[in-house]
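# Chains, contacts and geometry: an overview
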Amino acid sequence: MNVLIVDDEEHVREGIDLSIDWETFGVTGRYMAENGLEALEMMKTHRPAVMFCDMKMPVMNGIELLQKIREEGFDTHVIVISGYDDFEYTRATIKANGVDYILKPFRRKDVEEALHKALQVWKQRSDSKQSEAEREYVVRKADALLDGKKLASYVQGDIPLTAAVRKIFDKIGLSGQMLKIALILPKNRINIVERRFMMDDDLFSFSVENIAQYALGNQFSHYFCKLDDYQWLLLMGSGHSGMNGGNYNFHLERLKRAWQQTLQLDVLIGESKALSDLAHIHDVIGEAKNALLNGNVIAGAPERAGSVVSDLPALTDQQFLLKKAIEAGNKSFAAEILRKHVNAIRQRGTLQLKELQVCTMEANLLLSRWKQSAASPAGDAQAPSLPLWINNIDEWEQVLVNQVQLLIESLNPQASAGRGMEEIKDYLDNHFHEEISLTLLAEHFHFSPQYISKKFKDTYQITIVAYLTDIRMERAKALLANTTQSVSDIANQLGYEDENYFSKVFKKQFGVSPYPYRKQVHEIK
């Protein structure tokens, strides 16, 4: 925080400077000016929170300076120090939102009280501006979320092309352009969400969108939004003069590389061959979907060349054994049956996404039947299910096994009790400084990762990621306040390898970075 002292007499400037313990007030920069014109230039450079100002000065006097401050909108709080008890000076102070008027010769107490009052007003106004900015940010985010949902509803054919939808396209700069459509499916979504985001889907989506905006840049009009957990839509406009088929492919490849390098996320992309205007967008979306549905979902499998392949193995052939395993609560036996079934699918050598979707619908039908037929206190809960757009056979197997295990756990009253979650919470309390993943918790406590994530949030109304962050940040506050350890050492001690990332998390949690927080605490003490 900066303070500017403006007076044509050097001994007055020095007197003000020496009369105040600036560190007590949190002032880090003090600047001097001999007249109003010099002060005005310094204000543009240093943006002081408070200015001590004389009234009678050469070149530009105090009244002229205060008028300039008002005209140019400086958010500086003025304390006038003058040897003249004149109403004109007082009126100029009031007009410039001055907080005090002190007559020379001044007392140290008067100057300190005036500075304290000015800084209180400055802080209140700063807090108010910050709150207003935060409110505006929340409103903008809410508007963007609503726009995204409305646009997704139009794209999926749930609502007609209304004036409100056209307005969204105007807002994102795609109105009147021919559009290239790309549907994007994550191949290893569950792996990434479990390993990097502790099953926090919102955080995963936020990261995917941020990376997309960075990779695509501002060189051409585009819009990227989420349709569901497995489908993302990218609209690319043709308004850029150099945009053609080659350039579209360049941007898509760049996007794929950005996700892979940053998150290790692999994706499958289906493109429309033709461009379309807004009114006929559903036709080209159909093209993009067909490109996805006809693609192989077994890694390394050759493209189908019209040869006859064996029929898909039916999960219904295993339903008797699976039902027995579920009723007995035998998760390992159920997992073994499912893995053998998936291996039989792999042995066909090739599998199109549309065929995998048939398998998905069959699995969801059986899961629903088993849930409905089970005599369980949780029988009214929603049955586990597999998302339709999973497009990788390895992930499909992982999700299928997880969903059956989730069903077994939900039907087991002991597993549904809070005791297991209490043990997990105690583990987090004692091991928060270590690297913790859902996979590790699942192996340690013998629950599926999805069950742990869902049950922990249901029990404590907070996600595991947020709970860990709260513990680490409270510990960080204690270490900053009561030790002399460096911020880097504290970050490492709490499990953060990157000091910058630790500082960002701390600031997001408490509104201030670690260094200023430590300084504030020590000043209070």
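### What to know about the overall build of the chain
Helix and strand counts for the chain come out as 22 helices and nine strands. Here the chain holds 525 residues, and the buried ones make up 45% of them. Long-range contacts, defined as pairs at least 24 residues apart, comprise 67% of the intrachain contacts of the chain with a sequence gap of at least 6. Accessible area of the chain: about 27100 Å², with a carbon and sulfur share of 50%.

### Section: the environment of Leu-312
Checked against the element boundaries, Leu-312 lands in the loop between α10 (281–293) and α11 (319–328). Spatially, the C-alpha atom of Leu-312 lies 8.2 Å from that of Cys-359, the residues being 47 residues apart in sequence. Contact partners of Leu-312, with chain neighbours within four places excluded, come to Arg-348, Leu-351, Glu-355 and Cys-359.

### Thoughts on the pairing of strand β6 (residues 179–186)
The element β6 is largely enclosed, with a buried count of eight among its eight residues. Going residue by residue along β6, you find Leu-179, Ile-181, Leu-183 and Leu-185 tucked away on one face and Lys-180, Ala-182, Ile-184 and Pro-186 tucked away on the opposite face as well. Sheet topology places β6 next to strand β8 (residues 232–237); six bridges connect them, and they run antiparallel. Residue pairing in the sheet places Lys-180 in a bridge with Met-236 of β8.

### Side note on the pairing of strand β1 (residues 2–6)
Look at any regular strand and the pattern is simple: side chains alternate between the two faces of the sheet. The buried fraction of β1 amounts to five of the five residues, a majority that puts the element mostly inside the structure. Going residue by residue along β1, you find Asn-2, Leu-4 and Val-6 tucked away on one face and Val-3 and Ile-5 tucked away on the opposite face as well. When β1 meets strand β2 (residues 29–33), the two strands line up parallel, connected through five bridges. Residue pairing in the sheet places Asn-2 in a bridge with Gly-29 of β2. Handedness of the β1-helix α1 (residues 10–18)-β2 crossover: right-handed. The sheet contact formed by β1 and strand β3 (residues 50–53) spans four bridges and is parallel. Following the sheet pairing, Val-3 is matched in β3 by Val-50.

### Some details on unusual backbone geometry
One non-glycine residue with positive phi stands out, namely Arg-47, at about 45°. Take Arg-47: it is sitting in the loop between α2 (36–46) and β3. Residue classification places Arg-47 among the exposed positions, given a relative accessible area of 54%. Even without a glycine there, the phi angle at Val-59 is positive, about 65°. Counting through the fold element by element, Val-59 comes out in the loop between β3 and α3 (62–72). Using a relative accessible area of 64% as the deciding quantity, one classes Val-59 as exposed.

### Overview of a negative patch on the surface
On the surface, Asp-8, Glu-10, Glu-14, Glu-34 and Glu-38 cluster together into a negatively charged patch. Locating Glu-10 in the fold gives a position in helix α1.

### With respect to the pattern of salt bridges
Evaluated as defined, the whole model comprises 15 salt bridges. Here the salt bridges do not stand alone but share partners, grouping Arg-339, Arg-346, Asp-394 and Glu-397 into one network.

### Notes on the packing of helix α14 (residues 393–411) against helix α18 (residues 449–460)
When two helices pack together, you describe them by how their axes are tilted relative to each other and by the distance separating the axes. Where α14 contacts α18, the two axes come as close as 8 Å, and the packing angle between them is 50°. Relative to α18, the element α14 lies oblique. Packed against α14, whose contacting residues are Asn-402, Gln-403, Leu-406 and Glu-409, the element α18 presents Pro-449, Gln-450 and Tyr-451 at the interface. Across the contact of α14 with α18, the residue classes break down as three nonpolar, three polar and one charged.

### Details of the sheet that holds β8
Pairing is antiparallel in the open sheet, where four strands are placed in the order β7-β8-β6-β9. Only two strands of the sheet have a single partner each, and these edge strands are β7 (222–226) and β9 (267–271). Shown here is a sheet whose adjacent strand axes are inclined to one another by a mean of 20°, direction ignored. Relative to β8, β7 runs antiparallel, the two sharing five bridges. Bridging across to β8, Lys-226 finds its partner in Trp-232. Packed on one face of the sheet, helix α8 (residues 201–216) meets β7 and β8 and runs near 170° to β7.

### Things to note about the packing of aromatic side chains
For the structure shown, the criterion picks out twelve aromatic pairs. Between Trp-22 and Phe-52 the ring centres are 6.4 Å apart and the planes differ by 80°, which places this aromatic pair in the edge-to-face class. Note that Trp-22 is positioned in the loop between α1 and β2 and Phe-52 in strand β3, a separation of 30 residues in sequence. Look at Trp-22 and you get buried, because its relative accessible area is 5%. Its relative accessible area of 1% is what places Phe-52 among the buried residues. Judged by centre distance (6.1 Å) and plane angle (50°), the ring pair of Tyr-496 and Tyr-501 falls under tilted. Residue classification places Tyr-496 among the buried positions, given a relative accessible area of 8%. By relative accessible area, Tyr-501 is classed as partly exposed at 48%. Clustering of aromatic rings is evident, with ring pairs tying together Tyr-496, Tyr-501, Phe-502, Phe-506, Phe-510 and Tyr-517. Between the NZ or CZ atom of Arg-189 and the centre of the ring of Tyr-230, over which it lies, the distance is 5.1 Å. The ring of Tyr-460 is capped by Lys-425, whose NZ or CZ atom sits 5.9 Å from the centre of that ring.

### Topic: a nonpolar patch on the surface
Taken together, the side chains of Phe-320, Leu-321 and Phe-333 make up a nonpolar region of the molecular surface, amounting to roughly 290 Å² of accessible area. Relative to the elements of secondary structure, Leu-321 occurs in helix α11. Here Leu-321 falls in the partly exposed class, since its relative accessible area comes to 39%.

What counts as what
- Residues numbered from 1 in each chain as written.
- Predicted model: local features only at pLDDT ≥ 70, side-chain atom pairs only at ≥ 80, totals over all residues.
- Heavy atoms only, no water.
- Helix = DSSP H or I, 4+ residues; strand = E, 2+ residues; numbered from the N terminus.
- Buried < 20%, exposed > 50% of the residue type's maximum accessible area, 1.4 Å probe, protein only.
- Contact = heavy atoms within 4.5 Å.
- Areas by Shrake-Rupley, 256 points an atom, 1.4 Å probe, with all protein chains shown as cover.
- Pairing = 2+ DSSP bridges.
- Right-handed = clockwise from strand over helix to strand, strands pointing away.
- Patch = residues over 30% accessible without salt bridge, like charges linked within 9 Å, V, L, I, M, F, W, Y side chains within 5 Å.
- Salt bridge = Lys/Arg side-chain N within 4 Å of Asp/Glu carboxyl O.
- Lys, Arg positive; Asp, Glu negative; His and termini not counted.
- Charge placed at Lys NZ, Arg CZ, Asp CG, Glu CD.
- Axes fitted to C-alpha atoms, helices over the stretch in contact; angles between N-to-C directions.
- Parallel < 35°, antiparallel > 145°, perpendicular 65-115°, else oblique.
- Nonpolar A, V, L, I, M, F, W, Y, C, P; charged D, E, K, R; others polar.
- Phe/Tyr/Trp six-rings, centres within 6.5 Å; stacked < 30°, edge-to-face > 60°.
- Lys NZ or Arg CZ within 6 Å of the ring centre and 35° of its normal.

Function-wise, these values are silent; they only describe arrangement.
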